[in-house]
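# Secondary and tertiary structure notes
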Amino acid sequence: QTLQLFFMRSVKSNEDGTKNISEESYGLLKELRSMLGLSEEEGVGQIRAFFGPELQSVLSTATEEISRGNATEELLKNLKEKVDKVIADFKLDEDMVRTYAGPLYDRAVAQIGANTPGGIPSTEEVATLVSLRTLLNISEEETYNIHLSTFGTAYKKGIKEALGTTGVIREEFREPLNVLRSRLGMSADAAKEIYMDAIGERMTPMVEFISNEMERLVLTKDQLAQKRGTDFGEDYFKDGSKASGKLGLGTDGNIMSDIMNLIDFYVENGIVQKEVVGTKKVEKKVPSEEEGGEEKTITEEEPVYESTYPITATGLGCIDAQVAELCYRQFVVSSFTDQSPNAPRYEAAKATFGGILGLTTDKMEEIGSNIGGMVYDNYITNSMQTKGALDQQDMMFLANIQGKLGISAEKGEEMLLDTQKKIISEEASTLFDSGEVTPEKVKEFREKCNSMGLDLEIDVGLTKSRLVSMFSMEITPGIDSGEITMESADLLAEIQESLGLTEEEGEEVVAKLIQERANGILVDIIGCMLRGMDVVAVESMEKLVQYAAFVDGDLGLELEESNANKAFNLFENKDWSGVDEETIEKQKALLKIAFGMSS
């Protein structure tokens, strides 16, 4: 009450009827507020409560006068002088003026919007609002919200009219839309949001149609009825037939033209946006500054762009994620198999369609890889069955598939390896389960795997015992025939390593094989000596020496001393024609060790 009383005494009336407060009184007012213990905020509230009506009155009068139209510069100047005088006389701050000015402007905009046919202000009304902003000292940015809420519907209507029957805004209509946005006083961001909303409304039925057609392709009548909660007659489906009955790829029907219409609608309306996601270094050749000089190569950084899709089918809720993936899958398969002139256009639009649906890059590559996996599997299987291995022509075909299906080079290599592993694993099962495996077939299979860079245990899935058996089977004929000897140990090592066996595992197989062979030969030797077949016994001993060479003679044989001496005498006295002395002594020594005879 003390402060209000001081306000009343401090305000002086001038001869022209106006009021003001002196600088001295204003200073005393601040001192009094401090003495009374009032905060800055409470003091401002008191000032607004006391002087607010004065400001409201002058602003309202000025606003009404401007709103009558024909706001000349002279009128604007006279009204602004009156407003500025009240502000100056009562030492009112900018925030207080804005508090009273804002609602007056909003009311004027709403009144124009309500009285304007079609919700679009006339040129004169636009000028009136500009004058009001000048009078009330309000920036255009501060009025965006009221203009959006008042004229946003009119702008959206204009967009829909521009879309017309084709659904694409022609170039000659784009600038008029920009002019309309400016006339309606809306921000570029708000106008863009309205534009996207209008596009989304137009896009929704297009997506729903494609979604419904896809469901008809892949679902049975009962599945479709369960999904949509509606019973469908047989004639609902194309040609009166049922759909494919499994949630996979349908092959009946064709929605490619509808999908391309959606893509064209999206692209030609400028919805796809490019965003800089990084930079890359590129080399460029520039001509020499000197005449006749050599070109120079310079390295520059260029921006890397990525396409973004502000409106998506899944985002609009007009298609669920599963059907969206099916639609993309159908499109990719059709673009891959299509042989018409439209094929390049389909192929180029894959990523755009995936983006419109709302699929991520990873999801699109996953779908492409799944399709590619089937194509790779079939093609590689056929090629390897007919040719046994992939040639350069095959690799070029597979590289072409990668491009068509949007598969990265790394993923392509992975798929190729996976398919080869699968084929070779199946081939291994067939080979070893047939009961007709031979050393020749084992060798052929091993070399085939080696040429493809496949590890027989890790990639093909063969067990260690199977690998050991393969090693034994492949080397046995060579050891028995004498083709593999100690002098050809490198061949043994090569086979052992290519099968993924350690040196110890290889030696164990050889030792076991030789032991088995040696025991059998010893029985033959003793039997031949009993029958007086000394020549045959000597031949068997020659074979025994051949095996003994692999283990330095230690064959672990057990025989009576008399049999050992008799056999050794036969061997020692055989015909050694054409054999050098060193070899003779070496063979005798090996046989002695094998028979367990002392030197």
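Preceding this section is the structure that the text describes.
The following paragraphs examine the structure supplied in this document. Per chain, the residues get numbers from 1 upward, laid out in the order the sequence is written. Totals for whole chains, interfaces and linings use all residues, but because this is a predicted model, local features are given only for residues with pLDDT of at least 70 and pairs of side-chain atoms are given and counted only at 80 or more. Here the side-chain values reflect all heavy atoms present in the structure, with hydrogen atoms and water set aside.

### Here's the deal with the packing of aromatic side chains
Side-chain rings of Phe, Tyr and Trp (the six-membered ring for Trp) are treated as a pair once their centres are within 6.5 Å; stacked means planes under 30 degrees apart, edge-to-face means over 60, and tilted covers the remaining angles. Per the counting criterion, the structure on display carries 5 aromatic pairs. A centroid spacing of 5.9 Å and a plane angle of 40° characterise the contact between Tyr266 and Tyr309, whose relative ring orientation is tilted. Here Tyr309 lies in the loop between strand E4 (296-308) and helix H12 (313-316) and Tyr266 lies in helix H11 (residues 256-268), a separation of 43 residues in the sequence. For the pair Tyr266 and Tyr309, one class covers both residues: buried. Seen from their ring centres, Phe331 and Phe353 are 5.2 Å apart, and the 50° between their planes marks the pair as tilted. Separated by 22 residues along the polypeptide, Phe331 in helix H13 (residues 321-337) and Phe353 in helix H15 (residues 350-357) bring together distant segments of the chain. Both residues of the pair, Phe331 and Phe353, count as buried. It is Lys574 that lies over the ring of Phe571; its NZ or CZ is 5.9 Å from the centre. Criterion for a charge above a ring: Lys NZ or Arg CZ within 6 Å of the ring centre, and within 35 degrees of the ring normal. Over the ring of Trp576 we find Lys574; its NZ or CZ atom is 4.0 Å from the centre of that ring. Labels follow the DSSP assignment, with helices taken as runs of H or I lasting at least four residues and strands as runs of E lasting at least two, numbered in each case from the N terminus. Categorising residues by exposure relies on relative accessible area from a 1.4 Å probe, with only protein chains included: less than 20% of the type maximum marks a residue as buried, more than 50% marks it as exposed, and the intermediate range marks it as partly exposed.

### A word on the packing of H13 against helix H16 (residues 361-387)
All axes are obtained by fitting lines to C-alpha atoms, using only the stretch in contact for helices, and the reported angles, taken between N-to-C directions, cover 0 to 180 degrees. Where H13 meets H16, the axes come as close as 10 Å, and the angle between the chain directions of the two elements is 50°. Our classification of the angle between H13 and H16 gives oblique. The element H13 and its partner H16 pack so that their crossing is right-handed. Of the residues in H16, those touching H13 at Glu325, Tyr328, Arg329, Val332, Val333 and Phe336 are Lys363, Met364, Ile367, Asn370, Ile371, Met374 and Val375. Oblique is the label for every angle not falling under 35 degrees (roughly parallel), over 145 degrees (roughly antiparallel), or within 65 to 115 degrees (roughly perpendicular). Definitions for this section: a left-handed crossing has its near helix turned counterclockwise from the far helix by less than a right angle. A right-handed crossing has that turn clockwise. Any two residues having at least one pair of non-hydrogen atoms within 4.5 Å are treated as being in contact.

### What about a negative patch on the surface?
A contiguous patch of negative charge on the surface is contributed by Glu444, Glu447, Asp490, Glu494, Glu497, Glu503, Glu504 and Glu507. Secondary-structure elements contributing two or more residues to the negative patch are helix H19 (439-451), helix H21 (489-498) and helix H22 (503-530). Mapped onto the secondary structure, Asp490 falls in helix H21. Judged by relative accessible area, Asp490 falls into the exposed class, the value being 67%. Patches in this entry comprise residues that are over 30% relatively accessible and not in a salt bridge; like charges within 9 Å are linked, as are nonpolar side chains (Val, Leu, Ile, Met, Phe, Trp, Tyr) within 5 Å. Here the Shrake-Rupley method, with its probe set to 1.4 Å, supplies the accessible areas, and only the displayed protein chains count as covering residues. Every case where a carboxyl oxygen of Asp or Glu lies within 4 Å of a side-chain nitrogen of Lys or Arg is listed as a salt bridge. In this tally Asp and Glu are treated as negative and Lys and Arg as positive; neither His nor the chain ends contributes. We put the charge of a Lys on NZ, of an Arg on CZ, of an Asp on CG and of a Glu on CD.

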